[in-house]
Amino acid sequence: MGVVILLVMAVGVGLMLTRRLPTAFALVLLAVVIAFLAGAPLTGENSVLDTVLQEGATALAATMIAIILGSWLGKLLDETGIAGTLVRKIVEFGGDRPTVVALGVLAVSALVGTVTGSAPAAMLAGIIGIPAMIAVGVPKVTAAGTVLMGIAVGIPFELPVWQFFSTALDLPIPTVRGFMVKLFPFALVAALAFVLVETRRRGTEHAWSLKSLNSPGAKPRSRRAELGDAPWYALLAPAVPLVLALGFELAIIPSLLAGVLYALATTTRPGEMNKRLLRTLYGGFEVAAPPIALFVAIGILLAAVKLPGAVDALEPLVKAVSPQNAVLFVLVFTLLVPLCLYRGPLNVFGLGAGIAGVLIATGIYPAAVVLGMATSYNQVFGVADPTSTQTVWSAQYAGVTPQHVMARTLPYVWAVALGGLCVTAATYL
């Protein structure tokens, strides 16, 4: 029966790769089929309806709330001009020096990446950052990759991601936080290397520049009114949740909520707060809807693969192909990095979540080892996967294809995954 379940998983990967079914729908269908194959009854204990669909759908509720708050804060950073001001200040400081401008956009992307991920983060940093880089001669592929590599630097400190791994892998937040801190230096070094190497190796390419901020005949306006600059103290808003969660070890949801309130209080007049709160909250729900749907499906899949029948069927098969030696562990899972691309079987926001659940439920690896694997692969997926929304948006906005961005960034994020896997093996195996 274990072989049949693995074949069903392979079919699920095929459905996602060929886009026959959206990822969330494919995962739910896969979960129901696995539950029936595992001999789960329709209702009752360890059942399809009560355990897999009912309990699984709400299993990642804390993550969904964190996603909503992160998206809400992201909308506030956009509407209040905080994100745009950060990028403009960096561009002004960099002048016509391509490497300096790219490093500045990288820093802003990393800061935004700690608040929200996916396409919203790319847009916040890239709408101004990408054309500014291209205007000073940064090649288009490098400009798109810089934003993505910057977001990857922020991913280890993205609080909703902490909550997701904590809930999905049943690990305390301090354990997740501790590994993320260890993963951060690899992401930072790879991102800096990308910018420094690619901007010099490819030279400058002047393609198109930012439009003039002053249209012909327009009346002169103050600089803040013209550019929409946020006050300097408001620029600290993206860092507020991180400082509270990392520095003061405050819970994730209150930390994100504090960031929302700080961004609002430092940019909005009292009489306008209610309208802005509601408008950005509703906008945040629109941004959060796709990942929430995905997390509902992931929770359902995790519930299915943890059923006793599924665990018993899969344990001998998975154990036979899972290396226990630390060196072999690093070698094998480093070579398997490409399987997290194109919604592959090791993509943690797809079938990879189910595989992670199997590894933990069968006792093959401790949950901390699976955390190291999943977060290392997530660094690759978040940058180089041509099907991820942030990669598609950044590439298209820069005027290149996602495949070109993947080819340029993959060696760097592959090295990040290698570093994460080495830390995992040295720490937990």
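Position labels on residues start from 1 in each chain and follow its written sequence. Given that the model is predicted, a residue must reach a pLDDT of at least 70 before its local features are reported, and side-chain atom pairs must reach 80 or more before they are shown or counted; all residues, however, enter totals for whole chains, interfaces and linings. Working from all heavy atoms in the structure, the side-chain values ignore hydrogens and water.

## A word on the overall build of the protein
Inclusion rule: Helix and strand labels come from DSSP, where a helix needs a run of H or I of at least four residues and a strand needs a run of E of at least two; each type is numbered from the N terminus. For this measure, only C-alpha atoms enter the radius of gyration; the expected value for a globule follows 2.2 Å times N^0.38, where N is the number of residues. The buried label goes to any residue with under 20% of its type's maximum accessible area, the exposed label to any with over 50%, and the partly exposed label to all in between, with areas taken from a 1.4 Å probe on protein chains only. Note on contacts: a residue pair qualifies if any of its non-hydrogen atoms lie within 4.5 Å across the two residues. Here the open area of atoms and residues is found with the Shrake-Rupley method and a 1.4 Å probe, where only the protein chains shown may cover a residue. Lys and Arg are tallied as positive, Asp and Glu as negative. Neither His nor the chain termini are counted. Charged groups are reduced to one reference atom each: NZ for lysine, CZ for arginine, CG for aspartic acid, CD for glutamic acid.
If you tally the helices and strands in the protein, you get 20 helices and zero strands. Relative to its length of 429 residues, the protein is compact, with a C-alpha radius of gyration of 22 Å against a globular reference of 22 Å. Its C-alpha atoms put the protein at 75 × 50 × 40 Å along the principal axes. When each of the 429 residues of the protein is scored for burial, the buried share is 55%. Taking contacts inside the protein between residues at least 6 apart in sequence as the whole, the part at least 24 apart equals 80%. As displayed, the protein has an accessible area near 17500 Å², and 67% of this comes from carbon and sulfur atoms. Of the side chains in the protein, 25 bear a positive and 19 a negative charge, and the two mean positions are spaced by 11 Å.

## Remarks on unusual backbone geometry
The backbone phi angle of D170 is positive, close to 55°, even though this residue is not glycine. Structurally, the position occupied by D170 is in the loop between α9 (159–168) and α10 (173–201). At E249, a position not held by glycine, the phi torsion is positive, near 55°.

## Thoughts on the packing of aromatic side chains
Each aromatic ring pair is characterised by the separation of its centres together with the angle its planes make. In plain terms, the rule: Any pair of Phe, Tyr and Trp rings, taking the six-membered ring for Trp, is counted once the centres come within 6.5 Å. Such a pair is stacked with planes under 30 degrees apart, edge-to-face with planes over 60 apart, and tilted for the rest. Criterion for a charge above a ring: Lys NZ or Arg CZ within 6 Å of the ring centre, and within 35 degrees of the ring normal.
One pass over the full model with this rule turns up 13 aromatic pairs. Look at F295 and F349: their rings are 5.9 Å apart centre to centre, the planes differ by 70°, and that puts the pair in the edge-to-face class. In this pair, F295 sits in helix α14 (residues 273–305) while F349 sits in the loop between α16 (326–335) and α17 (351–361), placing the two residues 54 residues apart along the sequence. For the pair formed by F295 and F349, the shared burial category is buried. Aromatic side chains F349 and F381 sit 6.2 Å apart centroid to centroid with 45° between the ring planes, which places their arrangement in the tilted category. Of this pair, F349 sits in the loop between α16 and α17 while F381 sits in helix α18 (residues 367–384), placing them 32 residues apart in sequence. Take F349 and F381: they sit in the same class, and that class is buried. Members of the aromatic cluster, each reached through a chain of ring pairs, are F164, F165, F295, F349 and F381. Its guanidinium or amino end placed over the ring of F93, R97 lies 5.8 Å from that ring's centre, counting from NZ or CZ.

## Thoughts on the confidence of the model for the protein
Which entries qualify depends on this criterion: For every residue, the predictor assigns a confidence score, pLDDT, that lies between 0 and 100.
Scored by pLDDT, the protein comes out at a mean of 88, with 94% of its residues at no less than 70. The weakest mean pLDDT in the protein belongs to helix α11 (residues 223–227) at 45; the strongest belongs to helix α3 (residues 48–57) at 96. Predicted confidence for residues 208–227 stays below pLDDT 50, and this span has 22 contacts to residues more than four positions away or in other chains.

## Concerning empty space enclosed by the protein
Rules: For cavity detection a 1 Å grid was placed over the protein atoms alone, and a set of points counts as a cavity when a 1.4 Å probe fits there but cannot get out; an open set counts as a pocket when protein lies on both sides within 12 Å along at least five of seven lines, with lining residues being those that have an atom within 4 Å of a point. Grid points are joined across faces, edges and corners, and a volume is the space filled by probe spheres set on the points. Classification used: nonpolar for Ala, Val, Leu, Ile, Met, Phe, Trp, Tyr, Cys and Pro, charged for Asp, Glu, Lys and Arg, polar for all others including Gly.
What the rule picks out here adds up to three cavities of 30 Å³ or more. What lines the largest cavity is simply L346, V348, G352, I355, A356, L359, V370, M373, A374 and Y377. Only α17 and α18 provide two or more residues apiece to the lining of the largest cavity. Classifying every residue of the lining of the largest cavity gives nine nonpolar, one polar and no charged. Contributing to the lining of the second largest cavity are F164, F165, A168, L169, L302, V348, A353, A356 and A374. For the lining of the second largest cavity, the secondary-structure elements that each account for two or more residues are α9 and α17.

## Describing the nonpolar core
Let me state the cut-off plainly: Residues belong to a common nonpolar core when they are buried Ala, Val, Leu, Ile, Met, Phe, Trp, Tyr or Cys residues joined through side-chain atoms within 4.5 Å.
Core analysis: the largest hydrophobic core is formed by 146 residues, its most contacted members being F165 and I298. If you tally residues by element for this core, the top one is α14, at twelve residues. Not counting chain neighbours up to four residues away, the residues in contact with F165 comprise D170, V176, M180, V348, L371, A374 and T375.

## Here we look at the state of the cysteines
Just so we agree on the cut-off: Only a pair of cysteine sulfur atoms within 2.5 Å qualifies as a disulfide here.
Scanning the entire structure with this criterion turns up zero disulfides. Left without a disulfide partner, C340 is nearest to the cysteine sulfur of C422, which lies 16 Å away. Assessed through its relative accessible area of 36%, C422 is described here as partly exposed.

## A look at the layout of surface pockets
Roughly 980 Å³ of internal volume is contained in the largest pocket. Lining the largest pocket are 40 residues, with S118, P291, L294, R343 and T389 sitting closest to its centre. When residues of the lining of the largest pocket are traced back to their parent elements, those giving at least two are α1 (2–17), α2 (23–37), α4 (61–79), α7 (118–135), α9, α14, α18 and α19 (389–398). In terms of residue count, the dominant contributor to the lining of the largest pocket is α14 (seven residues).

## With respect to the pattern of salt bridges
Selection rule: The term salt bridge refers to a pairing of a side-chain nitrogen on Lys or Arg with a carboxyl oxygen on Asp or Glu at a separation within 4 Å.
By the definition in use, this model includes seven salt bridges. As a salt-bridge pair, R279 and E79 come within 2.6 Å of each other at their nearest N and O atoms. A residue pair is termed long-range when its members are at least 10 positions apart, and R279 in helix α14 and E79 in helix α4 qualify at 200 residues. For E79, a relative accessible area of 32% gives the class partly exposed. Taken together, the shared-partner salt bridges connect E79, R276 and R279 into one network.

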